[in-house]
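Secondary and tertiary structure notes
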Amino acid sequence: MDLSDQVVIVTGAGQGIGKAAALALADAGADVVVVDINERTLEETAAAVKAKGRRTLAIRADLGSVAEIDRMIAESVAAFGRIDTLVNNAGVTRRAYIMDLTEEDWDRIHRVNAKGVFFCLQRVAREMIPRRSGRIINIASVAGKGFPGTSNAIYAASKGAVISLTKTAAQQLGPHNINVNSVCPGIVRTALYEQIVKVMSETEGLSIEVVEARAVASVPLRRPNEPEDIADMIVFLASARARNVSGQSFNVDGGLIPD
Ligand SMILES: NC(=O)c1ccc[n+]([C@@H]2O[C@H](COP(=O)([O-])OP(=O)(O)OC[C@H]3O[C@@H](n4cnc5c(N)ncnc54)[C@H](O)[C@@H]3O)[C@@H](O)[C@H]2O)c1
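One structure accompanies this document, and this report is about it. In this text the structure is predicted, and so the values were computed from the model without any measurement. (Residues numbered from 1 in each chain as written. Predicted model: local features only at pLDDT ≥ 70, side-chain atom pairs only at ≥ 80, totals over all residues. Heavy atoms only, no water.)

Strand order in this open sheet of seven strands is β3-β2-β1-β4-β5-β6-β7, and the pairing throughout is parallel. Edge strands, defined here as strands with exactly one partner in the open sheet, are β3 (56-60) and β7 (249-252). Across the sheet, the mean angle separating the axes of adjacent strands is 15° when strand polarity is ignored. Where strand β1 (residues 7-11) meets strand β2 (residues 31-36), five bridges bridge the pair, whose relative direction is parallel. (Pairing = 2+ DSSP bridges. Helix = DSSP H or I, 4+ residues; strand = E, 2+ residues; numbered from the N terminus. Axes fitted to C-alpha atoms, helices over the stretch in contact; angles between N-to-C directions.)

In structure tokens, the structure reads:
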């Protein structure tokens with residue numbers, strides 16, 4: 001997969017899946033704009049991309065704010081002249097039973113996972129449409145396809161929104177030669193997942209090891225994802241090899257959800 005001289009924005013690039021994606025895209029030859037709300041981790045990812053010999057720009061932004069998204073796009077275009085691919089990855093959640101969820105949970109989770117993803121997609125498409133070229137890769141989740149082990153129902157709804165948005169955006173942006181797809185990770189070893197496991201361990205009175213082993217036992221391939229497993233699918237979808245793939249939501253989950 002050769003992404004030489006492609007310009008890619010990765011949101012939520014400070015750690016986890018976003019960081020792995022930024023590094024894999026740089027390995028494939030892309031210049032990478034890394035965006036996160038956490039300035040410290042953001043700078044670490046930017047330094048790692050730079051160490052691979054690629055150009056990079058670190059932008060601290062809160063992607064729940066449309067004004068911040070507009071600034072992020074403007075700074076990216078000012079630095080690199082165009083955006084070839086957006087990896088719409090930033091997301092938040094917390095482990096909770098449906099009856100314990102609050103209005104604050106709905107607003108916090110949907111602000112980033114649904115609103116932020118939509119406006120990043122719309123604002124980057126504004127830049128791509130006049131050039132008649134672009135790739136948008138949304139990071140959804142198997143939670144949006146009914147995974148019973150989801151962190152919570154509000155999170156599942158936000159990821160269902162991303163899968164649905166991917167279909168409609170692919171239909172409406174396709175005539176502008178913009179491909180839109182989603183990746184639906186299963187269990188991925190990141191800080192977000194560790195936090196979920198910690199809460200499950202506390203609420204169920206089980207050790208972290210037992211909770212993790214139970215989760216892995218539910219995966220047909222009997223292994224969780226590393227962030228790099230998701231990054232490999234992202235690199236493929238950004239590449240010329242995926243030129244006729246659009247409107248799809250691909251699971252990378254070890255066979256967890258047969259959909
Ligand atoms: N880890 C999993 O098991 C898993 C499974 C399915 C889907 N996902 C999805 O993958 C994506 C990445 O998850 P991860 O596990 O790497 O999570 P993570 O918590 O390790 O990383 C998420 C990153 O997003 C950033 N971020 C959060 N809110 C932001 C905001 N308002 N503005 C800018 N940046 C913000 C965080 O600072 C962090 O660096 C998320 O959309 C998540 O829902 C993760």
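Looking now at the site of the ligand. Inspection of the region around the ligand gives 26 residues, with I17, D36, N89, Y155 and T190 positioned closest. Residue D36 places a side-chain N or O atom 2.6 Å away from an oxygen atom belonging to the ligand. In isolation the ligand exposes 830 Å². Once the protein is present, 92% of that is buried. Listing elements by their share of the shell around the ligand, those giving two or more residues are α1 (16-27), α5 (153-173) and α6 (191-204). Here the residues of the shell around the ligand are counted per class, giving 15 nonpolar, eight polar and three charged. (Near = heavy atom within 4 Å. Polar contact = N/O pair within 3.5 Å; in protein donor to acceptor, adjacent residues only side chain to side chain. Areas by Shrake-Rupley, 256 points an atom, 1.4 Å probe, with all protein chains shown as cover. Nonpolar A, V, L, I, M, F, W, Y, C, P; charged D, E, K, R; others polar.)

Moving on, we come to the pairing of β3. In this sheet, β3 lies alongside β2 in parallel orientation, the contact comprising five bridges. Directly across from V33, in β3, lies its bridge partner L57. For the handedness criterion, the β-α-β arrangement of β2, helix α2 (residues 39-51) and β3 is classed as right-handed. (Right-handed = clockwise from strand over helix to strand, strands pointing away.)

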